[in-house]
Amino acid sequence: MLVAPSILSADFGNLADDVKAICNGGCDLVHVDVMDGHFVPNLTIGPVVVSSVAKVATKPLDIHLMVENNSFFVDLFAPFKPEYISFHIEEEKHPHRLIQKIRSLGIKPAIVLNPHTTPEAIEFLLADLDMVLLMSVNPGFGGQKFIPSVIEKAKRLKRLIQIHNPKCLIEVDGGVNNKNISSLKEAGVDIVVAGSYVFNHSSGYKSAILSLK
Ligand code: DX5
Ligand code: ZN
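Procedures and definitions
- Sequence order as written defines residue numbering, which begins from 1 separately in each chain.
- Here the convention is simple: chains get letters from A, ligands get numbers from 1, in the order in which they are written.
- Where totals are concerned, whole chains, interfaces and linings use all residues; where local detail is concerned, this predicted model gives features only for residues with pLDDT of at least 70, and gives and counts side-chain atom pairs only at 80 or more.
- With hydrogens and water stripped out, all remaining heavy atoms of the structure feed into the side-chain values.
- For the exposure calls, accessible area comes from a 1.4 Å probe over protein chains only, and a residue counts as buried if that area is under 20% of its type's maximum, exposed if over 50%, partly exposed in between.
- Secondary structure follows DSSP: runs of H or I at least 4 residues long count as helices, runs of E at least 2 residues long count as strands, and numbering of each begins at the N terminus.
- Throughout, the arc means the angular range of directions from the helix axis out to the C-beta atoms.
- Contacts were defined at the residue level, with two residues in contact if any of their heavy atoms lie within 4.5 Å.
- Axis definition: a line fitted to C-alpha atoms, over the contacting stretch in the case of helices. Angles run 0 to 180 degrees between N-to-C directions.
- Our angle categories are set so that under 35 degrees counts as roughly parallel, over 145 as roughly antiparallel, 65 to 115 as roughly perpendicular, and the remainder as oblique.
- Only Asp, Glu, Lys and Arg are considered charged, only Ala, Val, Leu, Ile, Met, Phe, Trp, Tyr, Cys and Pro nonpolar, and every remaining residue, Gly among them, polar.
- Put simply, the grid is 1 Å and covers the protein atoms alone, a cavity is a trapped set of points that fit a 1.4 Å probe, a pocket is an open set with protein on both sides within 12 Å along at least five of seven lines, and lining residues have an atom within 4 Å of a point.
- Grid points are joined across faces, edges and corners, and a volume is the space filled by probe spheres set on the points.
- Each metal's donors are the N, O and S atoms within 2.8 Å of it, or within 3.2 Å when it is Na, K or Ca, and because water is not part of the set, sites may look incomplete.
- Between 85 and 135 degrees for all angles marks four donors as tetrahedral; over 155 degrees for opposite donors together with 65 to 115 for all other angles marks four donors as square planar and six as octahedral; every other arrangement is irregular.
- Only buried residues count toward a nonpolar core. Its members are Ala, Val, Leu, Ile, Met, Phe, Trp, Tyr and Cys residues joined through side-chain atoms within 4.5 Å.
- Note on convention: the crossing is left-handed when the near helix lies turned anticlockwise from the far helix by less than a right angle, right-handed when the turn is clockwise.

Visitor: Please set out helix α2 (residues 47-56) residue by residue, giving values where relevant.
Guide: Restricting attention to buried positions, one finds in α2 the residues V50, S51 and V53. Along the long axis of α2, the arc covered by the buried residues comes to 165°, so they all point the same way. In α2, the exposed residues that point more than 90 degrees away from the buried face are V48 and K55. Tucked inside the fold, the buried residues of α2 contact α1 (15-24), β2 (30-35), β3 (61-66) and α3 (70-77).

In structure tokens form, the structure reads like this:
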């Protein structure tokens, strides 16, 4: 299982140290939650902060857009050369076009599904994607409770992926911990995002990441 700690739960007063610590602690990706206060009822970070994160991160960035006007935000964050940029299907009129744009910038495109969105909604986009991110909470905040129906959704998505694009990865985001991780693995999930579990772990980031792996 690949682990992508969400820096939303980091100490923003010591963000550089926290980013270095998760990278040294064995994470696979650094998950960056970008919220605009419109698509979701929270406001997080923009390019000024992400630029500082990119300078100290020794693992690739995984940028999760929770915004209106995705294309504008893709342009803002592309200069930091993230591994992935993911956008919500619920907020995009031309997802196929945006996927091509992200790829043309040398970034792997990913689509995010909110808890109510079915995997079939993106069936005919799967061939063009590197990853699908399934929300296991409603987007907007860290520290929420895991929504168990994502397990069934991951299994359904896995079947579609096997038909259309077996290389496409499945990532799950929200409420992930050491109790639900094995059912996610069994369902075919490749990457988990974990915010509060990693950053609030009593034995430190490294052992939190290791316990998920
Ligand atoms: C929620 C974010 C998540 C969140 C995960 O909108 O996309 O990445 O930070 O935090 P936890 O793991 O605490 O649910
Ligand atoms: Zn996220």
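Anyway, onward from the coordinates.
Visitor: Can you break down the packing of α3 against helix α4 (residues 95-104) residue by residue, with the values?
Guide: α4 packs onto α3 with a crossing angle of 5° between their chain directions and a minimal axis gap of 11 Å. For the element pair α3 / α4, the angle class is roughly parallel. Residues N70, S71, V74 and D75 of α3 pack against L98, K101 and I102 of α4. A breakdown of the residues in the contact of α3 with α4 according to their chemical character gives three nonpolar, two polar and two charged.

Visitor: Explain the layout of surface pockets to me, using residue names and the numbers behind them.
Guide: It is a probe the size of a water molecule, rolled over the atoms, that shows where empty space is left. Reported here for the largest pocket is a volume of approximately 270 Å³. The wall of the largest pocket is formed by 26 residues, among which G142, G143, D173, G174 and G175 lie closest to the centre. Elements with a contribution of two residues or more to the lining of the largest pocket: β2, β3, β8 (191-194) and α7 (196-199). A per-class count over the lining of the largest pocket returns eleven nonpolar, 13 polar and two charged.

Visitor: I'd like a rundown of the coordination of the zinc ion (ligand 2), residues and numbers included.
Guide: Protein-derived coordination of the zinc ion (ligand 2) comes from H31 (NE2), D33 (OD), H64 (ND1) and D173 (OD), at a distance range of 2.1 to 2.3 Å. Here the zinc ion (ligand 2) is ringed by six donor atoms whose angles at the metal span 69 to 169°, and the overall shape comes out octahedral. Written as a sequence motif, the donor residues of the zinc ion (ligand 2) are H-x1-D-x30-H-x108-D. Of this pair, D33 sits in strand β2 while H64 is found in strand β3, placing the two residues 31 residues apart along the sequence. What makes D33 buried here is its relative accessible area of 6%. Using a relative accessible area of 0% as the deciding quantity, one classes H64 as buried.

Visitor: Outline the nonpolar core, supporting the account with residue identities and numerical values.
Guide: In this structure, I7, V30, L184 and V198 are the most contacted members of the largest nonpolar core, which totals 63 residues. Excluding residues within four positions of it along the chain, V198 makes contact with P5, I22, Y205, A208, I209 and L212. Membership of the second largest hydrophobic core comes to seven residues, among which are A4, L29, Y84 and M131.

Visitor: Now, about the packing of α1 against α2: what can you tell me, with residues and values included?
Guide: Where α1 contacts α2, the two axes come as close as 9 Å, and the packing angle between them is 40°. When the interaxial angle is binned, α1 and α2 end up oblique. Crossing angle aside, the handedness with which α1 passes α2 is right-handed. Of α2, the residues touching α1 (which contributes L15, A16, V19 and K20) are V49, V53 and V56. Taken together, the residues of the contact of α1 with α2 break down into six nonpolar, no polar and one charged.

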